[in-house]
Structure formats: structure tokens, C-alpha cells
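Each chain, letter by letter, is given below.
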Amino acid sequence: MNDDALRYIEALESCPLFRDMEASAIGDILAGFPYRMTEYKRGDLLAIAGTPCRYADIVVEGTLACRMSSPAGKEVEMSRLGPGRMIAPAFIFATRAGMPVTVQAAMPTIVLRWQKDIFRRLLYGNPRVLANFITLLSDTNAFLTHKLNMLSLMTVREKVISLIMQRAREQQSRRIVLYRSRQEIADSMGIQRFSLMRVLADLEKEGAIRVDGRNIDIVDSSRLR
């Protein structure tokens, strides 16, 4: 296994593309299908919405922010991609393979990159990876459906409550930690920062939650409706 694989194997093991695969099997794949590591500084653009999707990319270090913009200039952060996440997997082989979002490095980031024809050969040559890729596409579709539903159909209050309950499920605790700033959270929901702050204040006044910096305690979940 080469030095790159050794350094980033933990991130690759967490990638859904390699679910249920041993580190040695992942190393064999990297040895058999040429790739390159591409580094980005904070603020660098990886792709602009609408430009061709040319590669199969996996984040192995750092974080990418994926944003969608309206013609009027309003931006919504669709997702943040950390180690193990693929960039726009559903668009790699799309007939109209334009990037759906603008992708920018939120911090120094390293991406493992395959040319599309090499990635296609990888999928055809490894049934396990192909099955994982199909599952990944389905999960991506489910995520986008939920995201679009939240952005277009939910009120601001419903968006904030949905976020709190989702984090509680993920962290399996009634005391949750918000790892991102208020502005970043607001951007991800397509709302203004003051709207987010107002809803949090209202929920705290109603006795549903208690806010302590980036920590939120769920006091009465029956009020989070």
C-alpha cells in the first residue's frame, strides 16, 4: 500500500463507496486504478455550478462547502463534505453532467481524484464497490429530496425544530452540540441569521429548549412541533 493510501486509509474506510471493505482491499483498489491527490487552500473553488462534472472525487482531509445560488444572488448552503464524502456522485455519469452546486474549500482540503473512465472501470471491475455506489446514489437522492422539501415547504420555525431533532437523533442525546456558527446554520436552511436567532429565543421562552452558546438542551420535546 503506498504512502497516500496509508495516510488517508481511515478517511477512505469511512466513505460509503468502500462500505464493509477491509483496508487491504481498499489499498488494492488504489494500487490498481490510478488516482491523484489534489490540494486546495481555504477559499479555493473546486467547481462552479453548471460547469462539467469531470471527475470522481472523495474528500480525504478538510471540508468542502457546497452552495446553490439563485439568479438574484441568494445563496443556500446545500451541504458540507468532510473526510470520506464524495462530491456530487449522482452527477458523475449524468447525461447533462453539469455540477449542481458551487464547491469551495472551507479549510485546507485534500481530494482523492479519479478520471471518469478509470472510475467506471473500477465500478465494473468490483461488484462490492458497484453495489455501494448504487446505494450511495439512492442515499444522495433521499438527502436531496429532504433538503428541497425543507427549503421549499417548511416555515422558519419548522426548519429550526427539524434541525434540533435531527441533531438529537444523530448525537443520541437531549443535549446537542451545534458545531457550526449561527450564520453557517442559517445559510444551510436558506434563512436570515436573525430569523434563526428569533426562533431559538422563542423556543427558549416557551420552555422547549435551553440555549447555552453552541449547546442546546431539549427541555420539553412535546413543544418542538
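Residues numbered from 1 in each chain as written. Predicted model: local features only at pLDDT ≥ 70, side-chain atom pairs only at ≥ 80, totals over all residues. Heavy atoms only, no water.

**Digging into the sheet that holds strand 6 (residues 102–105)**
Now for step 1: Spatial ordering of the open sheet is given by 2-6-4-5, a layout of 4 strands whose pairing is antiparallel. Where the open sheet ends on each side, the last strands, each with one partner, are strand 2 (45–47) and strand 5 (75–81). Adjacent strand axes in the sheet meet at a mean angle of 30 degrees, parallel and antiparallel pairs treated alike.
Now for step 2: Summarising the sheet, strand 4 (residues 64–69) and strand 6 pair through 4 bridges and their orientation is antiparallel. The residue of strand 6 that forms the bridge with Arg67 is Thr102. (Pairing = 2+ DSSP bridges. Helix = DSSP H or I, 4+ residues; strand = E, 2+ residues; numbered from the N terminus. Axes fitted to C-alpha atoms, helices over the stretch in contact; angles between N-to-C directions.)

**Considering helix 7 (residues 193–205)**
Now for step 1: With 13 residues, helix 7 extends 18 Å from end C-alpha to end C-alpha; this agrees with the ideal 18 Å at 1.5 Å per step.
Now for step 2: Of the positions making up helix 7, those classed as buried are Ser195, Leu196, Val199, Leu200 and Leu203. Buried residues of helix 7 fall within an arc of 135 degrees about the axis and therefore sit on the same side. Set apart from the buried face of helix 7 by more than 90 degrees, the exposed residues are Phe194 and Lys205.
Now for step 3: Along its buried surface, helix 7 packs onto helix 5 (156–171), helix 6 (182–189), strand 9 (209–212) and strand 10 (215–218).
Now for step 4: Phi turns positive, to about 85 degrees, at Gly207, one or two residues after helix 7. (Expected span 1.5 Å × (residues − 1). Buried < 20%, exposed > 50% of the residue type's maximum accessible area, 1.4 Å probe, protein only. Arc of directions from axis to C-beta. Contact = heavy atoms within 4.5 Å.)

**Some remarks on the side chain of Thr140**
Now for step 1: Tracing the chain through its elements places Thr140 in helix 4 (residues 127–153).
Now for step 2: The contacts of Thr140, once residues within four sequence positions are left out, are Pro89 and Ala90.

**Digging into the pairing of strand 5**
Now for step 1: The buried count for strand 5 comes to 5 of 7 residues, which makes it a mostly enclosed element.
Now for step 2: Strand direction decides the pairing type here: strand 4 and strand 5, joined by 6 bridges, are antiparallel. Bridge assignment links Leu64 to a residue of strand 5, and that residue is Leu81.

**Overview of the environment of Ala47**
Now for step 1: Considering the arrangement of structural elements, one finds Ala47 in strand 2.
Now for step 2: Aside from chain neighbours lying at most four places away, what touches Ala47 is Met99, Val101, Thr102 and Val103.

**Quick notes on the packing of aromatic side chains**
Now for step 1: Under the criterion given, the structure shown has 4 aromatic pairs.
Now for step 2: With a centroid separation of 6.0 Å and 10 degrees between ring planes, the pair formed by Phe93 and Phe119 is classed as stacked. Separated by 26 residues along the polypeptide, Phe93 in the loop between strand 5 and strand 6 and Phe119 in helix 3 (residues 116–125) bring together distant segments of the chain.
Now for step 3: When its relative accessible area of 0% is taken as the criterion, Phe119 is described as buried.
Now for step 4: Members of the aromatic cluster, connected to one another through ring pairs, are Phe93, Trp114, Phe119 and Phe133.
Now for step 5: The ring centre of Tyr55 lies 4.3 Å from the NZ or CZ of Arg113, which sits over that ring. (Phe/Tyr/Trp six-rings, centres within 6.5 Å; stacked < 30°, edge-to-face > 60°. Lys NZ or Arg CZ within 6 Å of the ring centre and 35° of its normal.)

**What about unusual backbone geometry?**
Now for step 1: At Ala88, a residue that is not glycine, the phi angle is positive and equals roughly 45 degrees.
Now for step 2: Following the sequence through the fold, Ala88 ends up in the loop between strand 5 and strand 6.
Now for step 3: Taking the relative accessible area as the measure of exposure, Ala88 reaches 17% and is therefore buried.
Now for step 4: With a phi angle near 50 degrees, Gln172 is a residue other than glycine that sits in the positive phi range.
Now for step 5: Here Gln172 lies in the loop between helix 5 and strand 8 (175–177).
Now for step 6: For Gln172, a relative accessible area of 74% corresponds to the exposed category.

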